[in-house]
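# Structural overview
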Amino acid sequence: MKRFHEPVLGECALEFLNPTGSGLYLDGTVGGGGHTRKILERCPECCVLAVDRDAEAISEAKLALAEFDSRVEFLHQRFDHVPQEAQVLKAGLDGALLDLGVSSHQIDRDDRGFAFRKGVALDMRMDRSEEQNASHFLAEKGEEELAQAFRDFGEERKAKRLAREIVKRRSSGPLQTSDDLVAALSVSLGRSPSARDKARIFQAVRIAVNEELEALKLALPAIREVMNEKAVMVVISYHSLEDRLVKNAFRDWSSDCLCPPELPLCTCRGRSLGKVLTKRPIMPSEREVVINPRARSARLRAWRRAA
Ligand SMILES: C[S@@+](CC[C@H](N)C(=O)[O-])C[C@H]1O[C@@H](n2cnc3c(N)ncnc32)[C@H](O)[C@@H]1O
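Just so it is clear, the model here is predicted, and its values are computed rather than measured.

Before going further, it helps to spend a moment on the overall build of the protein chain. On a plain count of helices and strands, the protein chain comes out with 13 helices and seven strands. In terms of overall dimensions, the protein chain is globule-like: its C-alpha atoms have a radius of gyration of 21 Å, near the 19 Å expected for 307 residues. Oriented by its inertia axes, the alpha-carbon framework of the protein chain measures out at about 65 × 60 × 40 Å. Relative to its 307 residues, the protein chain shows a buried fraction of 48%. By sequence separation, contacts in the protein chain at least 24 residues apart represent 66% of the contacts at least 6 residues apart. Of the roughly 15900 Å² of accessible surface on the protein chain, a fraction of 50% belongs to carbon and sulfur atoms.

Written out as structure tokens, the structure is:
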């Protein structure tokens, strides 16, 4: 019998989504299909629009979810483009889930170029039909832009030094493998980088190459607009900047007043669009982290559209 891994904060996401009736739910990051499976199993008449920007994830999820064939529509697309393109959304969504970041499949496969294991070619594109991979990014971006990515997305204190080292090295040829990037990192740190150091820098390059924050920023209001009354949006993020975007968006949508803070009196007479369901982000239990160490940085937030 095929075994399925438990998706990150799977039960918690399901509790908030609470799929019922013949509702339509968006899984904007279907990956291996774990969360979608939970929705379909919990609710025998629900349908899921299962989206991923990675064509391999879509193929994998199709196989994993074959038994639910008639209730899942698959779409190879960036989640921020879905609301304007998916015909099936005309009737509105009864819930939406984004489980951000990379999948185990992407990290575990050397040919996807996400990992810092020795000899891995730098790629990191979630959608392999896109032109810019990690090697191109490191070859083409200016020193300041590289430094900003390492600082903002990797919280690297020696970001400038690392960017300068990359620019120096690439004058004799592009950085092509994980070893090339790790070698530049060793010089900038002045010591052998730990696994944590490497993980932060590789994550920074991945976020930049895939424009992950830009996609999230566009997706949140676009998805909200196609949600039906009382529909819940759940977002699981793995990076503090992603979590901040989600937190601020949910807070703004839940506020009655949308006037700029410098105005002494409210003039907009606004009405909140909905309600934050998670005062604080929900994190996985210690037990979940032991079973799945990749869950350790997960933060779940949920928001419900007003009736
Ligand atoms: C953490 S995995 C999702 C795992 C999934 N929830 C499961 O249970 O198997 C994240 C997935 O989101 C996809 N992804 C990330 N950003 C995306 C975006 N902007 N649009 C669509 N898919 C995206 C990745 O390709 C990856 O397959």
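This paragraph deals with the sheet that holds strand E7 (residues 299-305). Strand order across the open sheet formed by seven strands is E3-E2-E1-E4-E5-E7-E6, with mixed pairing between neighbours. Two strands bound the open sheet, and with one partner strand each, they are strand E3 (72-76) and strand E6 (274-276). Across the sheet, the axes of successive neighbouring strands diverge by a mean angle of 15°, strand direction being ignored. In the sheet, E6 pairs with E7 via three bridges, with the strands oriented antiparallel. Paired with lysine 275 across the bridge in E7 is arginine 304. The strands touched by helix H3 (residues 55-64) are strand E2 (47-52) and E3; relative to E3, the strand with the most contacts, the crossing angle is about 165°.

Glancing now at the packing of aromatic side chains. Counted according to the given criterion, the structure contains four aromatic pairs. Between phenylalanine 116 and phenylalanine 202, the ring centres sit 5.8 Å apart and the planes meet at 70°, which makes this aromatic pair edge-to-face. Here the residue phenylalanine 116 occupies a position in the loop between helix H5 (104-108) and helix H6 (134-140), and phenylalanine 202 occupies one in helix H10 (residues 195-209), the gap between them amounting to 86 residues. For phenylalanine 116, a relative accessible area of 30% gives the class partly exposed. Centroid distance tryptophan 253 to tryptophan 303: 4.9 Å. Interplanar angle 75°. Geometry classified as edge-to-face. In this pair, tryptophan 253 is assigned in helix H12 (residues 240-254) and tryptophan 303 in strand E7, connecting sequence segments 50 residues apart. Joined through ring pairs, the aromatic side chains of Phe250, Trp253 and Trp303 make up one cluster. Stacked on the ring of tryptophan 253, the Lys or Arg arginine 224 has its end atom at 4.9 Å from the ring centre.

Before going further, it helps to spend a moment on the nonpolar core. Judged by nonpolar contacts, the single largest core of 30 residues is most densely connected at Leu122, Phe137, Leu138, Phe150, Ile166, Leu181 and Val205. Secondary-structure elements contributing two or more residues to this core are H6, helix H7 (143-154), helix H8 (159-170), helix H9 (178-189) and H10. By residue number, the principal contributor to this core is H10, which donates seven residues. Excluding residues within four positions of it along the chain, phenylalanine 150 makes contact with Leu138, Glu155, Glu156, Ala159, Leu162, Ala163, Ile166, Ile201, Ala204 and Val205.

Let us now look at the environment of arginine 125. Take arginine 125: it is sitting in the loop between H5 and H6. A relative accessible area of 13% places arginine 125 in the buried class. Taking C-alpha positions, arginine 125 is 6.8 Å from valine 209, a pair spaced 84 residues apart along the chain. Look past the residues within four positions of arginine 125 in its chain and what remains in contact with it is Arg112, Phe114, Glu130, Glu131, Gln132, Asn133, Val209 and Asn210. A polar contact is formed between the side chain of arginine 125 and the side chain of aspartate 123, at a distance of 2.8 Å. Here the side chain of arginine 125 touches glutamate 130 through a polar contact of 2.8 Å, landing on its backbone oxygen.

Turning our eyes to something else, we now look at the site of the ligand. What surrounds the ligand is a group of 23 residues, the closest being His35, Asp52, Phe79, Asp99 and Gln106. Threonine 29 is positioned such that a nitrogen or oxygen atom in its backbone is 3.5 Å from a nitrogen atom of the ligand. If the ligand stood free it would expose 610 Å²; the protein chains cover 96% of that surface. Looking at the shell around the ligand, its residues break down into seven nonpolar, eleven polar and five charged.

Now for the domain arrangement of the protein chain. Taken domain by domain, the protein chain consists of domain 1 (10-105 + 212-305) and domain 2 (128-209). Placing the centre of domain 1 and that of domain 2 at their C-alpha centroids yields a distance of 30 Å. Summed over both partners, the interface of domain 1 with domain 2 buries about 800 Å², with 40% contributed by carbon and sulfur atoms. Between the two partners, domain 1 and domain 2, sit five residue pairs in polar contact (both at pLDDT 80 or more). Put simply, the parts of the chain that give the side of domain 1 that touches domain 2 at least two residues each are helix H11 (212-225) and H12.

On to helix H2 (residues 34-42), then. With respect to burial, H2 is a largely interior element, seven of its nine residues being buried. Among the residues of H2, Gly34, His35, Thr36, Arg37, Lys38, Ile39 and Leu40 are the ones counted as buried.

We now examine the state of the cysteines. Evaluated as defined, the whole model comprises one disulfide. Each disulfide pairs two cysteine sulfurs, and for cysteine 43 the partner residue is cysteine 46, the sulfurs being separated by 2.2 Å. Judged by the sign of its S-S torsion, about 65°, the bond between cysteine 43 and cysteine 46 is right-handed. For the unlinked cysteine cysteine 12, the closest cysteine sulfur is that of cysteine 46, found at 18 Å.

The next subject is a positive patch on the surface. A cluster of basic residues, Lys230, Lys275, Lys279, Arg280 and Arg304, forms a positive patch at the surface. Along the chain, arginine 280 falls in the loop between E6 and helix H13 (286-291).

How each quantity is defined
- Residues numbered from 1 in each chain as written.
- Predicted model: local features only at pLDDT ≥ 70, side-chain atom pairs only at ≥ 80, totals over all residues.
- Heavy atoms only, no water.
- Helix = DSSP H or I, 4+ residues; strand = E, 2+ residues; numbered from the N terminus.
- Rg over C-alpha atoms; globule rule 2.2 N^0.38 Å.
- Buried < 20%, exposed > 50% of the residue type's maximum accessible area, 1.4 Å probe, protein only.
- Contact = heavy atoms within 4.5 Å.
- Areas by Shrake-Rupley, 256 points an atom, 1.4 Å probe, with all protein chains shown as cover.
- Pairing = 2+ DSSP bridges.
- Axes fitted to C-alpha atoms, helices over the stretch in contact; angles between N-to-C directions.
- Phe/Tyr/Trp six-rings, centres within 6.5 Å; stacked < 30°, edge-to-face > 60°.
- Lys NZ or Arg CZ within 6 Å of the ring centre and 35° of its normal.
- Core = buried A, V, L, I, M, F, W, Y, C linked by side-chain atoms within 4.5 Å.
- Polar contact = N/O pair within 3.5 Å; in protein donor to acceptor, adjacent residues only side chain to side chain.
- Near = heavy atom within 4 Å.
- Nonpolar A, V, L, I, M, F, W, Y, C, P; charged D, E, K, R; others polar.
- Domains from an automatic or database assignment.
- Buried area = accessible area lost by both parts, 1.4 Å probe.
- Disulfide = S-S within 2.5 Å.
- Patch = residues over 30% accessible without salt bridge, like charges linked within 9 Å, V, L, I, M, F, W, Y side chains within 5 Å.
- Salt bridge = Lys/Arg side-chain N within 4 Å of Asp/Glu carboxyl O.
- Lys, Arg positive; Asp, Glu negative; His and termini not counted.
- Charge placed at Lys NZ, Arg CZ, Asp CG, Glu CD.

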